[in-house]
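If you want the building blocks of each chain, they are given just below.
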Amino acid sequence: MSGPRPVRAPRGTELSARGWQQEAALRMLQNNLDPEVAEHPDKLVVYGGTGKAARDWRSFDAMVRTLQTLKQDETMLVQSGRPVGVMQTHEWAPRVLIANSNLVGDWANWEEFRRLEALGLTMYGQMTAGSWIYIGTQGILQGTYETFAAVAAKRFGGTLAGTITLTAGLGGMGGAQPLAVTMNDGVAICIDCDPRAIERRIEHRYLDVKADSLDHALQLATEARDARRPLSIGVLGNAAELVPQLLAMNAPIDIVTDQTSAHDPLAYLPLGIDFGDMASYAAEKPADFTRRARESMAKHVEAMVGFQDAGAEVFDYGNSIRGEAQLAGYERAFAFPGFVPAYIRPLFCEGKGPFRWAALSGDPKDIAATDRAILDLFPENESLARWIKMAGERVHFQGLPARICWLGYGERDRAGERFNDMVASGELSAPVVIGRDHLDCGSVASPYRETEAMLDGSDAIADWPLLNAMVNVASGASWVSLHHGGGVGMGRSIHAGQVTVADGTPLAGEKIRRVLTNDPGMGVIRHVDAGYDIAESVAADRGVRIPMREG
Ligand code: NAD
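Residues numbered from 1 in each chain as written. Predicted model: local features only at pLDDT ≥ 70, side-chain atom pairs only at ≥ 80, totals over all residues.

By the naming in an unreviewed UniProt entry, the protein is Urocanate hydratase, taken from Streptomyces morookaense. For the protein, the Pathway (unreviewed entry) comment in UniProt is given as "Amino-acid degradation; L-histidine degradation into L-glutamate; N-formimidoyl-L-glutamate from L-histidine: step 2/3." We quote the UniProt Sequence similarities (unreviewed entry) comment for the protein here in full: "Belongs to the urocanase family." (UniProt positions renumbered as here; feature names shortened; annotations may be inferred.)

The next thing to look at is the overall build of the protein. Looking only at helices and strands, the protein has 18 helices and 17 strands in total. Taken over the C-alpha trace, the protein has a radius of gyration of 22 Å; the compact-globule value for 551 residues is 24 Å, and the two agree within 12%. Projected onto its principal axes, the C-alpha coordinates of the protein cover approximately 65 × 55 × 50 Å. For the protein, the residues scored as buried account for 58% of the 551 residues in total. For the protein, restricting intrachain contacts to residue pairs at least 6 apart in sequence, the fraction spanning at least 24 positions comes to 71%. (Helix = DSSP H or I, 4+ residues; strand = E, 2+ residues; numbered from the N terminus. Rg over C-alpha atoms; globule rule 2.2 N^0.38 Å. Buried ≥ 20, exposed ≤ 12 C-beta atoms within 10 Å, placed from the backbone. Contact = placed C-beta atoms within 7 Å.)

By nearness alone, 34 residues border the ligand, and Gly-171, Met-173, Asp-194, Gly-318 and Asn-319 come closest of all. Only helix 4 (138-155), strand 7 (187-192) and helix 8 (239-248) provide two or more residues apiece to the shell around the ligand. (Near = placed C-beta within 6 Å.)

Looking now at the nonpolar core. Nonpolar side chains in soluble globular proteins tend to end up buried together. Among the nonpolar cores identified, the biggest contains 163 residues, and Met-297, Val-432 and Val-433 are the most heavily contacted of them. When residues of this core are assigned to their parent elements, the largest contribution, nine residues, is made by helix 10 (residues 286-309). Structurally, this core is a two-domain feature, drawing no fewer than three residues from each of domain 1 (138-336) and domain 2 (344-549). Contacts of Met-297, omitting those with residues within four sequence positions, involve Ala-240, Ala-262, Tyr-268, Ile-321, Glu-324, Ala-325 and Ala-328. (Core = buried A, V, L, I, M, F, W, Y, C linked by C-beta atoms within 7 Å. Domains from an automatic or database assignment.)

Our next topic: the domain arrangement of the protein. Here the protein is partitioned into domain 1 (138-336) and domain 2 (344-549). Counting residues at the interface gives 16 residues for domain 1 and 18 residues for domain 2. Of the residues forming the side of domain 1 that touches domain 2, the biggest block, eight residues, is contributed by helix 4. Residues belonging to the side of domain 1 that touches domain 2 are distributed by class as follows: three nonpolar, ten polar and three charged. (Nonpolar A, V, L, I, M, F, W, Y, C, P; charged D, E, K, R; others polar.)

Taken N-terminus to C-terminus, the directions of helix 16 (residues 463-475) and helix 17 (residues 506-529) make an angle of 165°; their axes are 9 Å apart at the nearest point. One finds that helix 16 runs roughly antiparallel with respect to helix 17. The handedness of the crossing between helix 16 and helix 17 comes out as right-handed. Between helix 16, through Trp-464, Leu-467, Asn-468, Val-471, Asn-472 and Ser-475, and helix 17, the contact on the second element is made entirely by Lys-511, Arg-514, Val-515, Asn-518, Asp-519, Met-522 and Arg-526. The residue makeup of the contact of helix 16 with helix 17, split by class, is five nonpolar, four polar and four charged. (Axes fitted to C-alpha atoms, helices over the stretch in contact; angles between N-to-C directions. Parallel < 35°, antiparallel > 145°, perpendicular 65-115°, else oblique. Left-handed = near helix turned anticlockwise from the far one by under 90°.)

Let us look at the UniProt feature "domain: Urocanase N-terminal" (unreviewed entry) in the protein. Here the UniProt-annotated "domain: Urocanase N-terminal" (unreviewed entry) positions come out as residues 7-133. A helix fraction of 28% and a strand fraction of 18% characterise residues 7-133, whose end C-alpha atoms lie 16 Å from each other.

Another point: the environment of Thr-66. Relative to the assigned elements, Thr-66 resides in helix 2 (residues 57-69). Along the primary structure Thr-66 and Pro-83 are separated by 17 residues, whereas in three dimensions their C-alpha atoms are 8.4 Å apart.

A separate point is the pairing of strand 5 (residues 96-100). Consecutive residues of a regular strand have side chains that alternate between opposite faces of the sheet. When you tally the buried positions in strand 5, you get four out of five residues, the bulk of the element. Pairing geometry for strand 3 (residues 74-79) and strand 5, over four bridges, is parallel. Bridge pairing in strand 5 places Gln-79 opposite Ala-99. Both strand 5 and strand 16 (residues 479-484) contribute to a ladder of five bridges, which runs parallel. Of the residues in strand 16, the one forming a bridge with Ile-98 is Ser-481. (Pairing = 2+ DSSP bridges.)

Here it is as structure tokens:
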């Protein structure tokens, strides 16, 4: 009988599938569930509350078995984590097509989703969990680093030195926050109610120390701030209690955000519940739990707004906490902005986003070689160089060695083609997979996050991620996914992903050139369509065709 067991992707060049495209999907599925990578591998949960890689262990086994025998002209279809068919296609077609957590509009809420999930009919795929391109906390680290760098540029003269950031949530994604703040030379106080999350981040060197109490955390923070010394401090507790407490103490906080799993009210610890009782309470009384979690989030958000009123830089970090607080009746929940309109959108206009790759060899030397290639390809980009060097020194690999950096239109294809050449020449010891987060410039509709406050009001138009998935299929990606609900929860987002394998063949080179041009190209055209000047000039300079601007 199939059940929980440790999973780890094979390394090296020996294939257990019929080709590298299938082998890559197989290894990345397994890699997502590697205990070094996944937050709760025994439950098939990769990150983001309940984001899963497979619906159940039987489905996992069936996907492994199918990928091992899948031919070069076949495509496996995955419906919310379960393989439901194999169809004959052709060699340019993706080897896997994935649709996760999609529900028809009027039914797209957590209640209906959970009813269907309990019947075994669906699963929550988050973004890169169910599409097999999660690379551990590093995946979010660079984006978080860039966001805090943008905060520093906007408010603090280009550095976080001498400032204190307050946040909560040290999970798979939120765990990147402390390191991103210290990489920008700041001090961070990070609250989490799960002692394991704090220990794990210390073990992985994302978090520096754990404080014994809130007072202790403040003392450590102010000392480090005064010495302009970067330091990240974990503190155990409920953010809905500790953030208001810090506000009442007039704590000298400069920046406030949050990355608890607020998008899923069953994953946010309500006030008055012990962490140890959280799972059973959520399972036994989901409606009660949801109501109390939302009320607690309202208190949490109210304190964040209080910090904003007191002059701090406050932003929502993409977890929907404002929406949940509003549902609990807190009227000023949207007093602070989301991080995308505040800091990230200009990058999206250039087709920039979280480009990432993983070495199927398992050899960190392959990533070091690709790092050198990136530095060589983009010598003029100083912040990219700073990131690549710091990442090489400070990022702990989880599972297969991987790297992320934000690249734009006209850059991703160059990097991808170089990697493919490096596989062909033997400079890399095995193929690499090239993918990205679904949080990208042209792949997501998410009115509380990536598409919040679009210039033309098109926040909720979801044609764009559908077009994105279709153009990636048409361009030759190795696997393509279309999800609902990632990041911000059911009913609030629709998003697409692609992964393309650089196996060193000329065919892979052709596919990479198209996919890695057209995929970020979606970001450029989406933002031209919404009326952003930067996107207009990128399209004009780099030759992106926009029919409505022609003729
Ligand atoms: P996770 O489930 O791995 O971690 C969440 C953490 O929050 C856990 O460690 C949990 O113990 C803690 N927590 C829950 N309730 C708490 C409370 N009341 N007080 C203190 N701690 C509490 O989730 P994750 O992968 O780290 O993602 C966190 C959130 O960020 C999600 O909502 C996710 O959708 C969102 N997210 C944002 C971005 C972004 O771009 N900013 C990217 C990915 C995910």
